[in-house]
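Each chain, letter by letter, is given below.
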Amino acid sequence: MRKLLSILLSFSVLFSCGKGKEPEYVPKPIILVSFESFKGDGLTVKVESLNCDEVYATARETSAGTPEAKDIVREGFKEENGIIFISGLKQNTGYTVYGVGVKGDGYSKIESFEVTTPSLYSWEMSREDIPGFADLDLLPGGVTSKTPNTWDENRLKPHVTFTDEDGQEKWLHEAFLFIGSEDALRGRILCIAEGKNKSGNQDSWKDFADYWMKDGGVLDVLDMTIGNAVSRIGKPAFKHKVVMTMPDPIMLEYFYDKSSSTTYWGSVYERQLDFSDPADQVLAYRWYIDYVREQWNRNAPEHLELAGFYILSEILVAKPSGWNYKYKKWDKILPPVAAYLHEMKYGLYWIPYYQADGYDMTAELGIDYTWIQPNKYWDYPEKEQKKSWSWVFNTMNTYGHGMEIEFEGSHGEAGWSQWEDGVARTSSSILETVRTSNDAQGTAKGNPNPQAARNKQLLRDYMNELKKAGHYGKSRIATYSGTNAMYEIATSQDEKDRQMYLEYCRFIVENPLRK
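Residues numbered from 1 in each chain as written. Predicted model: local features only at pLDDT ≥ 70, side-chain atom pairs only at ≥ 80, totals over all residues. Heavy atoms only, no water.

(A) Geometry of empty space enclosed by the protein. On inspection of all chains with the given rule, the structure shows one cavity of 30 Å³ or more. Here the lining of the largest cavity is built from residues that sort into six nonpolar, three polar and no charged. (1 Å grid on protein atoms, 1.4 Å probe; cavity = no way out; pocket = protein on both sides within 12 Å on 5 of 7 lines; lining within 4 Å. Points joined across faces, edges and corners; volume = space filled by probe spheres on them. Nonpolar A, V, L, I, M, F, W, Y, C, P; charged D, E, K, R; others polar.)

(B) Looking closely at helix 13 (residues 495–509). Taking 1.5 Å per residue, 15 residues should reach 21 Å; helix 13 reaches 21 Å between its end C-alpha atoms and fits that length. Those residues of helix 13 lying buried are Asp497, Met500, Tyr501, Leu502, Tyr504, Cys505, Phe507 and Ile508. Looking at where helix 13 begins, the residue whose side-chain oxygen comes 2.9 Å from the main-chain nitrogen of Lys496 is Asp494. (Helix = DSSP H or I, 4+ residues; strand = E, 2+ residues; numbered from the N terminus. Expected span 1.5 Å × (residues − 1). Buried < 20%, exposed > 50% of the residue type's maximum accessible area, 1.4 Å probe, protein only. Polar contact = N/O pair within 3.5 Å; in protein donor to acceptor, adjacent residues only side chain to side chain.)

(C) Layout of the confidence of the model for the chain. Model confidence for the chain is summarised by a mean pLDDT of 90, while 91% of its residues fall at 70 or above. In this model residues 7–18 is a low-confidence stretch, pLDDT under 50, and it forms 24 contacts with partners more than four residues away in sequence or in other chains. (pLDDT = per-residue confidence, 0-100. Contact = heavy atoms within 4.5 Å.)

(D) The pairing of strand 24 (residues 402–406), seen in detail. For strand 24, the tally of buried residues reaches five of five residues, placing the bulk of the element in the interior. Where burial is concerned, the two faces of strand 24 agree: the one with Gly402, Glu404 and Glu406 and the one with Met403 and Ile405 are both buried. Where strand 23 (residues 369–372) lies against strand 24, two bridges are found, and the strand directions are parallel. Residue pairing for strand 24: Trp371 is matched across the bridge by Gly402. Pairing of strand 24 with strand 27 (residues 477–480) involves four bridges; the strand directions are parallel. Bridge pairing links Glu404 to Ala478 in strand 27. (Pairing = 2+ DSSP bridges.)

(E) Representation of the nonpolar core. Val45, Phe178, Trp212, Leu222, Met244, Met246 and Phe309 are the most contacted members of the largest nonpolar core, which totals 98 residues. Top element by residues in this core is helix 7 (residues 278–299). It accounts for nine residues. Once you skip the residues sitting within four places of it in the chain, Val45 turns out to touch Val33, Ser34, Glu36, Gly82, Ile83, Ile84, Ile86, Val97 and Phe113. (Core = buried A, V, L, I, M, F, W, Y, C linked by side-chain atoms within 4.5 Å.)

(F) Focus on the sheet that holds strand 17 (residues 198–199). Strand order in this open sheet of three strands is 15-16-17, and the pairing throughout is mixed. The sheet is open, and its two edges are formed by strand 15 (182–183) and strand 17, each paired on a single side. Direction of pairing for strand 15 relative to strand 16 (residues 188–189): antiparallel, over a ladder of two bridges. Residue Glu182 lies in a different strand from strand 16, and its bridge partner there is Ile189.

(G) Up close: unusual backbone geometry. The phi angle at Ala300 is positive, at roughly 50°, despite the residue not being glycine. Secondary-structure assignment places Ala300 in the loop between helix 7 and strand 21 (304–311). The exposure class assigned to Ala300 is exposed, which follows from its relative accessible area of 53%.

(H) Spatial organisation of helix 5 (residues 202–213). Here helix 5 is 12 residues long and its end C-alpha atoms lie 16 Å apart, about the 16 Å a rise of 1.5 Å per residue gives. With nine of 12 residues buried, helix 5 lies mostly within the body of the structure. Among the residues of helix 5, those classed as buried are Gln202, Ser204, Trp205, Phe208, Ala209, Asp210, Tyr211, Trp212 and Met213.

(I) Spatial organisation of the layout of surface pockets. Of the voids in this model, the second largest pocket is the one considered here, and its volume is about 700 Å³. Taken together, 30 residues line the second largest pocket, and the ones lying closest to its centre are Lys146, Ile179, Ser181, Glu314 and Tyr480. Of all elements in the fold, only strand 11 (135–140) and strand 24 reach the threshold of two or more residues within the lining of the second largest pocket. In the lining of the second largest pocket, the residues fall into 12 nonpolar, 11 polar and seven charged.

(J) Inspection of the packing of aromatic side chains at higher detail. Applying the stated criterion to the full structure yields 26 aromatic pairs. Relative to Trp371, the ring of Phe133 has its centre 6.2 Å away and its plane inclined at 15°; by these criteria the two rings are stacked. Separated by 238 residues along the polypeptide, Phe133 in the loop between helix 3 (122–125) and strand 11 and Trp371 in strand 23 bring together distant segments of the chain. For Phe133, a relative accessible area of 5% translates into the label buried. Here Trp371 falls in the buried class, since its relative accessible area comes to 0%. Taking the centre distance of 6.1 Å and the plane angle of 40° together, the rings of Trp205 and Tyr285 count as tilted. One end of the pair, Trp205, is in helix 5; the other, Tyr285, is in helix 7, with 80 residues separating them in the sequence. With a relative accessible area of 0%, Trp205 lands in the buried category. (Phe/Tyr/Trp six-rings, centres within 6.5 Å; stacked < 30°, edge-to-face > 60°.)

Next up, the structure:
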């Protein structure tokens, strides 16, 4: 961590003493320069200074020699209002930025930092704005122990198209979120958690991206699924989008152990990163973003566009008063990441849980769009109601957020052993029939789900409440369907399941926002 300027100042005072004279204090100029953001053909440098008449900065390719102070002043750009913009830089080039303060005839110590300018791919250069979409469908995956963990065309198809009551196949979702939270291979986790989990390292992040983007991976299969649908029903009126999840740059290797390593993650530019410094957490994010962009360019999907990146943590502690703020500090991490994405016309997206920290700070954090999780699907009518539709819609009205629709299939059957008076109170499966044998006797599979009607009504509540609140056609929609519920209700042999799927599909495609 850099020292405060005031501390540096205390060490820069010169003592000039003559015989019989009082000490004369002559303060020296002091500066700090740091990376702010990329813009166009240049970069913005943040400047902090004391005792300076002027501050200048210049950028030289890292292989070039170090300039003297007078050279920085002669060839550099002048600070205005705490900012210096250095223009005329080449793409994908390593630069060292040098800064110096001037006081009379004297100079401060030269301060510097290294950056590599971004390189835009051809498909990025043609963008005029961040791509838009009306709805976002969550596709779970990654290096996980959850099943199923492969996405073939059969499993993807109910997310991409549906066949209505008249036998007409139609396009369904506009955008897809590739999301996951674990590295089962290494026993690591990709999001901040209070449990005794080991934090994901650089290899975990790379493997997560590769799961989606390797040859024959989900990106390839999704592009093929869309292409095959195009051959059947023609091109859609929109280009399908993908949003890619970014793992959390967790400060500590074991988040529960505040004495554990902060240098566990890996290295960038041959330098080991230290996640106690938010600048290094930003650098890790940037490395990941660039790796995803590189892999996307290599895959070159025909029917998909990379729209942006998603913040995995469902809570963003960005105020000093927040829980464990000093170990999270999202206000120091996300704004420069957002600035980097915005320069390339990518969006930054987030889906917080109900009343999670950060829902009221999204603009300050640089987040382009947020969907609130109502979490009402698990707020069963027979339980004490802990979630409020009024809070959800008041928050959406105040901050311009969207809403997530939530339901689960067989993934929600985990509590079948918790029966009360012959009723499985904890089942959140929307399916009419039990798909697994998770009860103590192993007899649940194939039996009717006593909570199917209740859970279908909970899903209908999401759609009805959004309309009643006046947000249908105005606010974007995201959909969480558990691990596999979209496929399960679409392919179910039970008519009630298939009708529920069609009801949901009509809600998505008839959304006025799509027009």
